[in-house]
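Here's the letter readout for the chains.
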Amino acid sequence: MVKQIKDLLKYASINEHGGILLGKNIVVDGFDYRDYRVITHAHSDHTQGLNKSLQVSKYIILTNITYDIMKSLGMIRHKYINKYVRVKYGEKIRTNEEELVLIKADHIPGAAQVIVELDDLLIAYTGDFKNPGKGTPIVKNPDVLVIESTYGKPEWTRPFKDEVEELFVDLVKELLSRGPVYIYGFHGKIQEAMIILRSHGIDTPFIASSAVYRVTKALEKHGYWFGKVFSHVSLEAREVMRDGWYIFFSHTNNIYNHNINNASLHGLNRIILTGWEFNEPYKRVKNNTWIVALSDHADFEQLLYYVSESKPELVIVDNYRQGAGEIFAREIRRRLGIPAIPQPSSTHTLGLI
Ligand SMILES: [Zn+2]
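Per chain, residues are indexed from 1 in the order of the written sequence. Where totals are concerned, whole chains, interfaces and linings use all residues; where local detail is concerned, this predicted model gives features only for residues with pLDDT of at least 70, and gives and counts side-chain atom pairs only at 80 or more.

J.: Mind showing me how you'd approach the overall build of the chain here?
T.: Where helices and strands are cited, they refer to DSSP runs of H or I of at least four residues and of E of at least two residues respectively, numbered from the N terminus. A count of helices and strands for the chain gives eleven helices and 20 strands. By the compact-globule yardstick of 20 Å for 353 residues, the chain fits well, its C-alpha radius of gyration being 21 Å. The C-alpha extent of the chain, read off along each of the three principal axes, is 70 × 45 × 30 Å. Three exposure classes are used. Buried residues have 20 or more other C-beta atoms within 10 Å of their own C-beta, exposed residues have 12 or fewer, and partly exposed residues fall in between, all C-beta atoms being placed from the backbone. Going through the 353 residues of the chain one by one, you find that 46% of them count as buried. Looking at the chain alone, contacts between residues at least 24 apart form 61% of all its contacts between residues at least 6 apart. When we talk radius of gyration, it's over C-alpha atoms, and the globule rule is simply 2.2 Å times the number of residues to the 0.38. Think of it this way: build a C-beta for each residue from its backbone, and any pair within 7 Å is a contact.

In structure tokens:
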């Protein structure tokens, strides 16, 4: 039986607060009046509305690692501690009407995709991801696929994406020969950068700002290895910094926070990790500042690859978070011939199909 799109939309949609409604009882990464709230990963655009969910929903479902990252960032409220259901990838949860499972998404540690089965429907939400078909398994033949669209414009493709890691390591080595290096990124990406550097034999001591340090320590409990990392307020860090041979990691928000670092004041070398660069794998933006295009998200090509391999009946493109939902939905329809709509949308969505 061919399912009607308007019927499928009863079981998958995105509300105006960015909550992804799956099945009949589940909302993911935003608020709605549903019993089950899922958090795909610890980034703030996916934990939004949590305080309201804690009051309204019966269960908050997330991976063990995401829980520990959120805890290290002070995002777990003790009053509601019993509502959290921590799961492993692949562990099945039965709601009244659905079966829910989180599977891996290659994004930041703990990140998950969500699969919901009810009646004869299979619904999947990718969450944020990169490396489809490699680090991120592709959910095959769902009735509805809900997908992120951060880099959903055709020109947001990084032709050099397979070389970025090596070039990043080379740049760090080169800058280290001149002095300490300061690296800025978002939670999760910083730890990825640490792992890349260590796996390429860089044994320079790492110094981390307080929040970065706490997240790093939380991940060590889950088997991640970062070598020597010191909190920037520790005595060890002070000693290491006196020697002048170290890499300092800090959150992107701290670039201009001179209490955390004094890199810009003293002309020390800085690297900013950002996905928003498509022309070159890295470039110098100021005398002592480089950006490196190390991204945690699929580029346009990879987003499209996910959809083409998944072969869903209907695609709902996340048009709430930063990205290009309307354009990506149009490209899916045009290039793959699969019905695709952006949500939430200002236009009459059914008319687009
Ligand atoms: Zn994210």
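J.: Would you explain the pairing of strand 9 (residues 112–118) in this entry?
T.: Within a regular strand, side chains alternate between the sheet's two faces. The element strand 9 is largely enclosed, with a buried count of five among its seven residues. Strands qualify as paired when DSSP identifies two bridges or more between them. Note: strand 8 (residues 99–104) against strand 9, six bridges, orientation antiparallel. Following the sheet pairing, Val101 is matched in strand 9 by Ile115. Of the pairings in the sheet, the one linking strand 9 to strand 10 (residues 121–125) comprises five bridges and is antiparallel in character.

J.: Mind showing me how you'd approach the domain arrangement of the chain here?
T.: Annotation comment: domain bounds sourced from an automatic or database domain assignment. The assigned domain composition of the chain is domain 1 (5–155 + 297–352) and domain 2 (164–292). Counting from both sides, the interface comprises twelve residues of domain 1 and, opposite them, 14 residues of domain 2.

J.: Explanation requested: the sheet that holds strand 16 (residues 269–273) in the structure shown.
T.: By definition, the strands of a sheet pair up through backbone hydrogen bonds, in either a parallel or an antiparallel sense. Judged by pairing direction, the sheet is mixed, and its seven strands sit side by side in the order 14-13-15-12-16-18-17 without closing on themselves. Sheet topology places strand 14 (229–231) and strand 17 (282–286) at the edges, where each strand pairs with a single neighbour. Looking at each pair of strands side by side, their axes are set apart by 25° on average, direction ignored. Examined bridge by bridge, strand 17 and strand 18 (residues 289–292) share four bridges and lie antiparallel to one another. From the neighbouring strand, Arg284 faces strand 18, where its bridge partner is Trp290. To get an axis, fit a line to the C-alpha atoms, keeping to the stretch in contact for a helix; angles then go from 0 to 180 degrees between the N-to-C directions.

J.: Even after reading the chapter, I still don't get the sheet that holds strand 10, so can you show me in this structure?
T.: Taken in spatial order, the seven strands of this open sheet run 7-8-9-10-11-19-20, and their pairing is mixed. Lying at the two open borders of the sheet, with one neighbouring strand each, are strand 7 (92–94) and strand 20 (340–343). If you compare each strand with its neighbour and ignore which way they point, the axes differ by 20° on average. As paired elements, strand 7 and strand 8 share three bridges and run antiparallel to each other. When the sheet's bridge partners are listed, Lys92 is paired in strand 8 with Val101. Against the sheet, helix 10 (residues 300–310) touches strand 11 (144–147) and strand 19 (314–318), its axis set at about 170° to strand 11. In the packing of helix 11 (residues 325–336) onto the sheet, contacts are made with strand 19 and strand 20, and the angle to strand 20 comes to roughly 175°.

J.: I tried to follow helix 6 (residues 189–199) on my own but got confused; where do I start?
T.: Because an α-helix completes one turn every 3.6 residues, residues spaced three or four positions apart along the sequence face the same direction. When we look at burial in helix 6, the residues that qualify are Lys189, Ile190, Gln191, Glu192, Ala193, Met194 and Leu197. Close packing links the buried residues of helix 6 with helix 5 (164–176), strand 12 (181–185), strand 13 (206–208), helix 7 (210–220), strand 15 (247–251) and strand 16. Positive backbone phi, approximately 80°, marks Gly201, located one or two places after helix 6.

J.: Can you help me understand the nonpolar core in this one?
T.: Soluble globular proteins tend to pack their nonpolar side chains together in the buried interior. Joined through C-beta atoms within 7 Å, a set of buried Ala, Val, Leu, Ile, Met, Phe, Trp, Tyr and Cys residues constitutes a nonpolar core. With 93 residues, the main nonpolar core has Leu22, Val114 and Val292 as its most contacted residues. A domain-level breakdown of this core finds at least three residues from each of domain 1 (5–155 + 297–352) and domain 2 (164–292). Leaving out residues up to four positions away in the same chain, Val292 has contacts with Val164, Phe168, Leu171, Ile271, Leu273 and Tyr282.

J.: How do you make sense of the pairing of strand 19 when you look at a structure like this?
T.: For strand 19, a buried count of five out of five residues is recorded, marking the element as mostly surrounded by other parts of the structure. Both faces of strand 19 are covered, namely the face carrying Leu314, Ile316 and Asp318 and the face carrying Val315 and Val317. When strand 11 meets strand 19, the two strands line up parallel, connected through four bridges. Across the sheet, Val146 pairs through a bridge with Ile316, a residue of strand 19. The pairing of strand 19 with strand 20 spans four bridges and is parallel. Looking at strand 20, one finds that Ile316 is bridged to Ile341. By the criterion used throughout, a crossover qualifies as right-handed when its path from the first strand across the helix to the second strand runs clockwise, the strands pointing away from the viewer. Note that the unit made of strand 19, helix 11 and strand 20 has a crossover that is right-handed.

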